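Observations on chain architecture
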Amino acid sequence: MSVTAWVPRDAGALALGAEATARRLEREARAAGAALTIRRNGSRGIYWLEPLVEVETAAGRVAYGPVGEGDVAGLFAAGLLQGAAHPSRLGNIEGHPWLASQQRLTFARVGRIDPLDLAAYRASDGYKGLARALELGPEATVNEVTESGLRGRGGAAFPTGIKWQTVLRQPVGRKYVTCNADEGDSGTFSDRMLMEGDPFSLIEGMTIAGVAVGATRGFIYLRVEYPHALQVMNAAIALAREGGLLGADVLGSGKAFDLEVRVGAGAYICGEETSMLESLEGRRGEIRVRPPLPAEKGLFGAPTIVNNVITLATVPGILANGAAAYREFGQAKSRGTLPLQLAGNIRRGGLVERAFGLTVRELLEDYGGGSMSGRPIRAVQIGGPLGAYLPASQFDTPLEYEALSAIGALLGHGGVVAFDDTVDMLEMARYAMEFCAHESCGKCTPCRIGSVRGAEALAAIGRGEDRERQLVLVEELCDTMLNASLCGLGGMTPFPVQSALKHFPEDFRSKPRGG
Ligand SMILES: Cc1cc2nc3c(=O)[nH]c(=O)nc-3n(C[C@H](O)[C@H](O)[C@H](O)COP(=O)(O)O)c2cc1C
Ligand code: SF4
């Protein structure tokens, strides 16, 4: 009888050698005359244990990790295919404390199933949400999303149901559903993991959005740096079409919805929703002035939903299990769960989906296990390159929208990047300005010019030139960018700069440094 082993095809696992491990498993099995079927799954998000190999045994799936190519022969000899004992044996990975303590709603299937096995998707509650949405009808479906308390996971945390309601209220006619899969924030990877590990959940979420607001076409705007996600999404869309889940008669409802993937050209600003729409229309990614909102006049001038991958992929579960079940998770105005992405100088990086309310310290210590270097963690940046830096004195802040906003920070897309005590916060502040200068679309002066001047002034401070005057200039530039920029890129670049100045002033006043 053939034994099945699961090896992730997630890009993160591949980067850590999963493909070589899979090939080596095949060769070892052939040499040993053992019948082995290798199946590919998404990553469980425990990147510190990738490549993670799971073997199906009579007692369930038994995991080993990390399993590099060079570990395979030894594991075979120890009885890998029987789930035998070995120092890298982890047992049933779902019982591992790092995973068992998580609350995986959006990522429930990721790592468990073959991402392109439509039957497995349906067998694990897939398409129950769409079936319920079709039963409920547009108004009630949108109400359900509103009731769930779901807020956009792309960064701005706008209530999803309210956005959908605006599109639904527009006159019947051409409307679109667009998915923002640009995922440009540093240290973030949940969109990629979801698309590579459970693509049908995104397709189902977009279909629910389409039937709810009366849109018949959807587009996924995918960053060019995600070739594996592109492959998986395109294959899944073709399978969904074949299965009658996309096309002229979705799930036999008589309603039409179809979608396609469009690949961006690699600019951070194309993640901002109006730039994304420009880019989708074939133009250079540049901000559109609002109003009108995309929900009123978006893609090709038609009412358009713009939602992040995680927002849309969370919707099927909300419809399948009900808004009340989703609201049970989280606290205050932050309902449900958030897939946090832990990266940077951290011992155990990866994806942690938990209800809102986990503190930064719990994330860094209980999940992250402290810094990779073993030195104290001095700062974390939350919410991508435009997010504030938090000092250790703020690590007891709960990871939820209002608590972070109260300390001048933001949650963004849930990326948390850790730095140890060797970090130079002046350099981080200078880099924030340089990043903005590099990525600015150039449409407004505060961002286009302010970021260049800001980077120059911070470099001058680093050289010890006219420090006090340059510091005043940086504060004034931040103030102008914050209040007068046309979009969040220029408008939020001051967050990392001002938080670095506020919490780590010593780094801005120390001796001139070389280089
Ligand atoms: C400079 C900038 C970059 C952004 N990049 C992304 C991105 O990569 N992905 C994303 O989903 N949202 C991004 N956003 C937020 C989007 O403008 C928009 O709020 C979001 O896609 C809406 O979806 P949601 O309501 O589901 O979060 C960005 C915003 C700004 C200002
Ligand atoms: S803030 Fe920057 S990115 Fe945004 S519109 Fe102005 S120049 Fe363009």
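You'll find the structure just up there.
Residues numbered from 1 in each chain as written. Chains lettered and ligands numbered in written order. Predicted model: local features only at pLDDT ≥ 70, side-chain atom pairs only at ≥ 80, totals over all residues. Heavy atoms only, no water.

Thoughts on the site of ligand 1
Neighbouring ligand 1 are 21 residues, the closest being Gly154, Asn180, Asn307, Asn308 and Thr311. The backbone of Val306 places a nitrogen or oxygen atom 3.5 Å from an oxygen atom of ligand 1. Computed on the free molecule, ligand 1 has an accessible area of 610 Å², of which 91% lies beneath the protein chains in the complex. Elements that contribute at least two residues to the shell around ligand 1 include exactly strand E9 (304-308) and helix H20 (488-492). Among the elements that make up the shell around ligand 1, the one with the highest residue count is E9 (3 residues). (Near = heavy atom within 4 Å. Polar contact = N/O pair within 3.5 Å; in protein donor to acceptor, adjacent residues only side chain to side chain. Areas by Shrake-Rupley, 256 points an atom, 1.4 Å probe, with all protein chains shown as cover. Helix = DSSP H or I, 4+ residues; strand = E, 2+ residues; numbered from the N terminus.)

Focus: the site of ligand 2
The environment of ligand 2 is formed by 13 residues, the closest being Ile287, Cys441, Cys444, Cys447 and Cys487. The residue makeup of the shell around ligand 2, split by class, is 8 nonpolar, 4 polar and 1 charged. (Nonpolar A, V, L, I, M, F, W, Y, C, P; charged D, E, K, R; others polar.)

Notes on unusual backbone geometry
As a rule of thumb, non-glycine residues mostly have phi less than zero, and peptide bonds are mostly trans rather than cis. Here the bond from Gly65 into Pro66 is cis, since omega is -10°, no more than 30 degrees from zero. With respect to the element layout, Pro66 can be found in the loop between strand E4 (60-64) and helix H3 (72-78). In this chain, Pro291 is followed by Pro292 through a cis amide linkage whose omega measures 0°. Here Pro292 shows up in the loop between helix H12 (273-280) and E9. If you check the backbone angles, Glu183 has positive phi at about 30° while not being a glycine. Among the structural elements, Glu183 can be located in the loop between strand E6 (176-181) and helix H9 (190-197). Residue Glu183 is classed as buried on the basis of its relative accessible area, which comes to 6%. Phi is positive for Asp466, close to 50°, though the residue is something other than glycine. (Buried < 20%, exposed > 50% of the residue type's maximum accessible area, 1.4 Å probe, protein only.)

Notes on the sheet that holds E4
Spatial ordering of the open sheet is given by E2-E1-E3-E4-E5, a layout of 5 strands whose pairing is mixed. This sheet does not close on itself; its edge strands, each paired only once, are strand E2 (36-41) and strand E5 (89-91). Strand-to-strand twist of the sheet, defined as the mean angle between neighbouring strand axes without regard to direction, takes the value 30°. Here E4 runs beside E5; their pairing, made up of 2 bridges, is antiparallel. Each residue of the ladder has a partner; that of Ala63, found in E5, is Gly91. (Pairing = 2+ DSSP bridges. Axes fitted to C-alpha atoms, helices over the stretch in contact; angles between N-to-C directions.)

A closer look at the pairing of E9
With 5 of 5 residues buried, E9 is to be regarded as a mostly interior element. Residues Thr304, Val306 and Asn308 line one face of E9 and the alternating positions Ile305 and Asn307 line the opposite face, and both faces are buried.

Regarding the side chain of Gln165
As for its placement among the helices and strands, Gln165 is situated in helix H8 (residues 160-169). With sequence-adjacent residues up to four places away left out, Gln165 is seen in contact with Glu139, Val142 and Asn143. (Contact = heavy atoms within 4.5 Å.)

Digging into the packing of aromatic side chains
For the structure shown, the criterion picks out 11 aromatic pairs. Each ring, one from Trp48 and one from Trp98, has its centre 5.9 Å from the other, and the planes form 70°; the classification is edge-to-face. Of the two residues, Trp48 sits in the loop between E2 and strand E3 (53-57) while Trp98 sits in helix H4 (residues 97-100), which places them 50 residues apart along the sequence. For the ring pair Tyr268 and Phe435, a centre distance of 5.0 Å and an interplane angle of 70° mean the geometry is edge-to-face. (Phe/Tyr/Trp six-rings, centres within 6.5 Å; stacked < 30°, edge-to-face > 60°.)

Describing the pattern of salt bridges
Throughout the structure, instances matching the rule amount to 38 salt bridges. The salt bridge partner of Glu28 is Arg24, with a shortest N-O separation of 3.3 Å. Taken as a pair, Glu28 and Arg24 lie in helix H2 (residues 18-32) at a separation of 4 residues, close to a single helical turn. The class of Arg24 is partly exposed, set by a relative accessible area of 23%. A salt bridge links Arg283 to Glu278; the shortest N-O distance between them is 3.1 Å. Residues joined by salt bridges that share partners form a network here, namely Arg44, Glu54, Arg61, Glu94 and Arg112. (Salt bridge = Lys/Arg side-chain N within 4 Å of Asp/Glu carboxyl O.)

So, the environment of Arg335
One can find Arg335 in strand E11 (residues 334-335). In this structure the C-alpha to C-alpha distance between Arg335 and Gly357, which are 22 residues apart in sequence, comes to 9.6 Å. If near-sequence neighbours (up to four positions away) are discounted, Arg335 is found in contact with Ser148, Gly149, Arg153, Tyr326, Arg327, Glu328, Phe329, Gly330 and Phe356. Within the structure, Arg335 has its side chain in polar contact with the backbone oxygen of Arg327 (distance 2.6 Å). One polar contact links the side chain of Arg335 to the main-chain carbonyl oxygen of Ala332, over a distance of 3.0 Å.

Quick look at the side chain of Glu204
Position of Glu204 relative to the elements: it lies in helix H10 (residues 199-213). Comment: no salt bridge for buried Glu204; closest opposite-charge side chain is Arg109, at 5.3 Å. Here Tyr121 takes part through its side chain, which lies 2.5 Å from a polar atom of the side chain of Glu204. What Glu204 contacts, discounting residues up to four positions off in sequence, is Tyr121, Gly126, Tyr127, Lys128, Gly129, Leu130 and Pro316. (Lys, Arg positive; Asp, Glu negative; His and termini not counted.)

Focus: the environment of Gly210
Looking at the secondary structure, you find Gly210 in helix H10. Placed 35 residues apart in sequence, Gly210 and Lys175 show a C-alpha to C-alpha distance of 8.4 Å. Ignoring anything within four residues of it in the chain, the contact list for Gly210 reads Val177, Ala215 and Phe257.

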